[in-house]
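Next come the chains, spelled out residue by residue.
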Amino acid sequence: MRSIGITIGAAALALVAQAGAADAFCGFYVSGSGAKLANEATQVVLMRDGTRTVLSMQNDYKGPLEDFAMVIPVPVVLHEKDVRTLPKAVFDHVESLGSPRLVEYWEQNPCPVPMADEEDAPGMAMKSADMAPRASVGMVKKDTVKIEAQFDVAEYKILILSATEAAGLETWLRNNHYKIPDGAEPLLRPYVEGGSKFFVAKVDPKKVHMVDGHAALSPIRFHYEGEEFALPIRLGMANSTGKQDLIVNILSADKRYEVANYKNVFIPTNFDVKDGVKTRFAEFYAALFDKTLEANPGAVVTEYAWTARPQYHCDPCPELDVTQADLMTLGGDIVQGQIAAGQFVLTRLHARYGKTDMKDDLRFKEAKPVTGGREQWTKQGLEYGATPSPENYFQARYAMRHWWTGPITCQNPVRGVWGGPPDGNYQPTIAASKLAFAPRGRMALDTVIKRDLWEIGYKKAPAQKRPAPAPNGAKFATPPGSKAMGFGVGVLLGLVLLGAGSLVLRRKS
């Protein structure tokens, strides 16, 4: 197959980095009004099996609806049976499952009452709380632009176009009362030259529901066959007004994915943060992500790669999860197999770039499984980084820990055993969703992290002077000092994409 088009084997979420910035989008917007168009949030979910791709997309569009349309390059001609609309809730579920998460742990009583079953070891994780009329050909030569198919789906008027030259496609759109965003023609050219078709989804304004000034467009799904595994992002830069965030969630039966034509890095994970992060978690994560890209310019960041099975999708789980019905809605009815049966690997990749930063579309390749970001303790300490594994269990996970402050009545207390709150009031896992609207540049990351981020060469702020110790005979516990809490540094070989000389976190006994 040709090298252009949306032929991804999975799922993508495109979100803006901040309010007011245009979002990454695999097509561009055109409108007859000539008003400025901006896509503030796009969610794309793709599911792939073999050469078959199911693409589901939801757009958060802000702008005039008169003769509004989306233009997306696709590798083949689509027909009415290939296109349908979807309920919006499925996109919230996919975003939530792969989102960075914040957990909260309490140190258990250092003098526990003996239990009949004492298999739990220090550091075991607590149990998680469980997407107008049809346009005419216009005054364009028949051999330049051709309408390959046209049909209606809900509020959309669908046209499938082919073109032999980018200028001709631009002329066709202009003759049909669309205004091409500035700079779109050279972005169209490689897709036209590569033989892509163009999915043009017009909107009937009378059928669109508005919410807070945004057009609540129905999510749309289509499927097709194609060999190429890539996401066309360059065309979406036509609507860009600044930095863009692109989150790509890839669903497959049993594979993790990474990009083949850009640098891959893993987000720093599994470190403790201060309590203030709880109410500013999305802001904290945006700061961490920005520092990661400062250390790795132009990289694509892996934030999640997890093997989900029926009855076990995550650990810890966020509030929303991907259900069996969601999988069928997003394409399980098309691809069948393991995904339709409820088993899949979700890979979440995150890129942030300016209008001139990305010279090529994102092209994906299979990657070996990794693990990391879990509440797993070894003699070396808490699980660190991303390491090779038989299966994928990697996530962006951060923790707040509350040391025991009650009385200690035994001679040999056991410290550092983490679990749920003493009163049994379990706290839900917090997910960093809606990153499109997270404030940036306001949080001093070094003041809220509790260890140096060796992965990206970033240091925490110097520790403040501690208050004077409690007098002898104090009845209540204080957090262990350097002996119990100290962390050493060692060399961990074999870390995926972290390179030689990576440092491993080691908890001393």
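Quick summary incoming for the structure in this document. (Residues numbered from 1 in each chain as written. Predicted model: local features only at pLDDT ≥ 70, side-chain atom pairs only at ≥ 80, totals over all residues. Heavy atoms only, no water.)

**Describing the overall build of the protein chain**
Within the protein chain, the regular secondary structure consists of 7 helices and 31 strands. Burial status across the protein chain gives 56% buried among its 509 residues. Accessible surface, the protein chain: about 22100 Å² in total, of which carbon and sulfur atoms supply 52%. (Helix = DSSP H or I, 4+ residues; strand = E, 2+ residues; numbered from the N terminus. Buried < 20%, exposed > 50% of the residue type's maximum accessible area, 1.4 Å probe, protein only. Areas by Shrake-Rupley, 256 points an atom, 1.4 Å probe, with all protein chains shown as cover.)

**Some words on the packing of helix H2 (residues 166-175) against helix H3 (residues 184-193)**
At a minimum axis distance of 8 Å, the contact between H2 and H3 shows a crossing angle of 120°. The angle between H2 and H3 falls in the class oblique. Seen along the crossing, H2 lies across H3 with a hand that is right-handed. On H3, the residues that touch Ala-166, Ala-167, Leu-169 and Glu-170 of H2 are Glu-185, Leu-188, Arg-189 and Val-192. (Axes fitted to C-alpha atoms, helices over the stretch in contact; angles between N-to-C directions. Parallel < 35°, antiparallel > 145°, perpendicular 65-115°, else oblique. Left-handed = near helix turned anticlockwise from the far one by under 90°. Contact = heavy atoms within 4.5 Å.)

**Notes on the sheet that holds strand E16 (residues 256-259)**
Pairing within the open sheet is antiparallel, and its 3 strands lie in the order E14-E21-E16. Each end of this open sheet is capped by a strand with a single partner; those strands are strand E14 (230-231) and E16. (Pairing = 2+ DSSP bridges.)

**Re the packing of aromatic side chains**
Overall, the coordinates contain 17 aromatic pairs when judged by the stated rule. Ring centres of Phe-271 and Phe-284 lie 6.3 Å apart, and the angle between their planes is 70°; this geometry places the pair in the edge-to-face category. With a gap of 13 residues between them, Phe-271 in strand E18 (residues 271-272) and Phe-284 in helix H4 (residues 281-295) connect regions that are remote in the sequence. Residues Phe-271 and Phe-284 agree in their burial class; the two are buried. The side chain of Arg-48 reaches across the aromatic face of Phe-229, ending 5.8 Å from its centre. The aromatic ring of Trp-418 is capped on one face by Arg-401, whose charged end is 5.2 Å from the ring centroid. (Phe/Tyr/Trp six-rings, centres within 6.5 Å; stacked < 30°, edge-to-face > 60°. Lys NZ or Arg CZ within 6 Å of the ring centre and 35° of its normal.)

**Regarding the side chain of Arg-101**
Relative to the helices and strands, Arg-101 resides in strand E7 (residues 101-107). Within the buried core, Arg-101 has no salt-bridge partner, and the shortest N-O distance to an opposite charge, that of Asp-321, equals 8.0 Å. There is a polar contact of 3.0 Å between the side chain of Arg-101 and the backbone oxygen of Ser-99. (Lys, Arg positive; Asp, Glu negative; His and termini not counted. Salt bridge = Lys/Arg side-chain N within 4 Å of Asp/Glu carboxyl O. Polar contact = N/O pair within 3.5 Å; in protein donor to acceptor, adjacent residues only side chain to side chain.)

**Describing unusual backbone geometry**
Between Asp-315 and Pro-316 the backbone carries a cis peptide bond, its omega angle lying at 0°. At Asn-270, a position not held by glycine, the phi torsion is positive, near 60°. Inspection of the secondary structure assignment puts Asn-270 in the loop between strand E17 (264-266) and E18. With a relative accessible area of 3%, Asn-270 lands in the buried category.

**Regarding the environment of Ala-163**
Counting through the fold element by element, Ala-163 comes out in strand E9 (residues 156-163). The spacing of Ala-163 and Ser-196 is 33 residues in sequence and 8.2 Å in space, taken between C-alpha atoms. The contacts of Ala-163, once residues within four sequence positions are left out, are Thr-144, Val-145, Leu-169 and Val-192.

**Some remarks on the state of the cysteines**
Here, disulfide denotes a covalent bond that connects the sulfur atoms of two cysteines. Taken as a whole and judged by the stated rule, the model has 2 disulfides. Through a disulfide, Cys-111 is tied to Cys-410; the S-S separation comes to 1.9 Å. On the sign convention where negative means left-handed, the S-S torsion of about -75° between Cys-111 and Cys-410 marks this disulfide as left-handed. Residue classification places Cys-410 among the partly exposed residues on the basis of a relative accessible area of 29%. Sequential numbering of the bridged cysteines in the protein chain gives the disulfide pattern 1-4, 2-3. (Disulfide = S-S within 2.5 Å.)

**Notes on the pairing of strand E21 (residues 362-367)**
Two faces make up the sheet, and in a regular strand the side chains alternate between them. In this sheet, E21 lies alongside E14 in antiparallel orientation, the contact comprising 2 bridges. Its bridge partner lying in E21, Leu-231 is registered against Leu-362. Pairing of E16 with E21, which is carried by 4 bridges, proceeds in the antiparallel orientation. In the strand pairing of E21, Tyr-257 is matched with Glu-366.

**Comments concerning helix H1 (residues 89-98)**
H1 sits mainly inside the fold: 8 of its 10 residues count as buried. Within H1, burial applies to Val-90, Phe-91, His-93, Val-94, Glu-95, Ser-96, Leu-97 and Gly-98.

**Quick word on the nonpolar core**
Grouped together as the largest cluster of nonpolar side chains are 32 residues, with contacts concentrated most on Ile-267, Phe-284, Tyr-285, Leu-288, Tyr-398 and Leu-445. Counting residues per element, the ones that place at least two in this core are E17, H4 and strand E27 (397-402). Of the residues forming this core, the biggest block, 7 residues, is contributed by H4. Those residues in contact with Phe-284, other than ones at most four positions away along the chain, are Phe-271, Val-273, Val-277, Tyr-398, Met-443, Leu-445, Val-448 and Ile-449. (Core = buried A, V, L, I, M, F, W, Y, C linked by side-chain atoms within 4.5 Å.)

**Things to note about the packing of H1 against helix H5 (residues 324-335)**
Axis separation between H1 and H5 bottoms out at 10 Å; the angle between their running directions is 105°. With respect to each other, H1 and H5 are oriented roughly perpendicular. Contacts between H1 and H5 involve Val-90, His-93 and Val-94 from the first element and Asp-326, Thr-329 and Leu-330 from the second. Here the contact of H1 with H5 is composed, by residue class, of 3 nonpolar, 2 polar and 1 charged. (Nonpolar A, V, L, I, M, F, W, Y, C, P; charged D, E, K, R; others polar.)

**A few points about the pattern of salt bridges**
When their charged atoms lie close together, side chains carrying opposite charge are able to pair. Tallied over the full model, the rule gives 25 salt bridges. Here Arg-256 ties to Glu-258 by a salt bridge, and the two come within 3.9 Å at their closest N and O atoms. Since its relative accessible area comes to 2%, Arg-256 is described here as buried. Residue Asp-272 is joined to Arg-401 by a salt bridge in which the shortest nitrogen-to-oxygen separation is 2.9 Å. In this pair, Asp-272 sits in strand E18 while Arg-401 sits in strand E27, placing the two residues 129 residues apart along the sequence. Judged by its relative accessible area of 18%, Asp-272 falls in the buried class. The structure contains a network of salt bridges with shared partners spanning Asp-272, Glu-375, Arg-397 and Arg-401.

**Things to note about the side chain of Arg-451**
Mapped onto the secondary structure, Arg-451 falls in the loop between strand E29 (430-431) and helix H7 (482-485). Here Thr-269 takes part through its backbone oxygen, which lies 3.3 Å from a polar atom of the side chain of Arg-451. A polar side-chain atom of Arg-451 sits 3.0 Å from a polar atom in the side chain of Glu-455.

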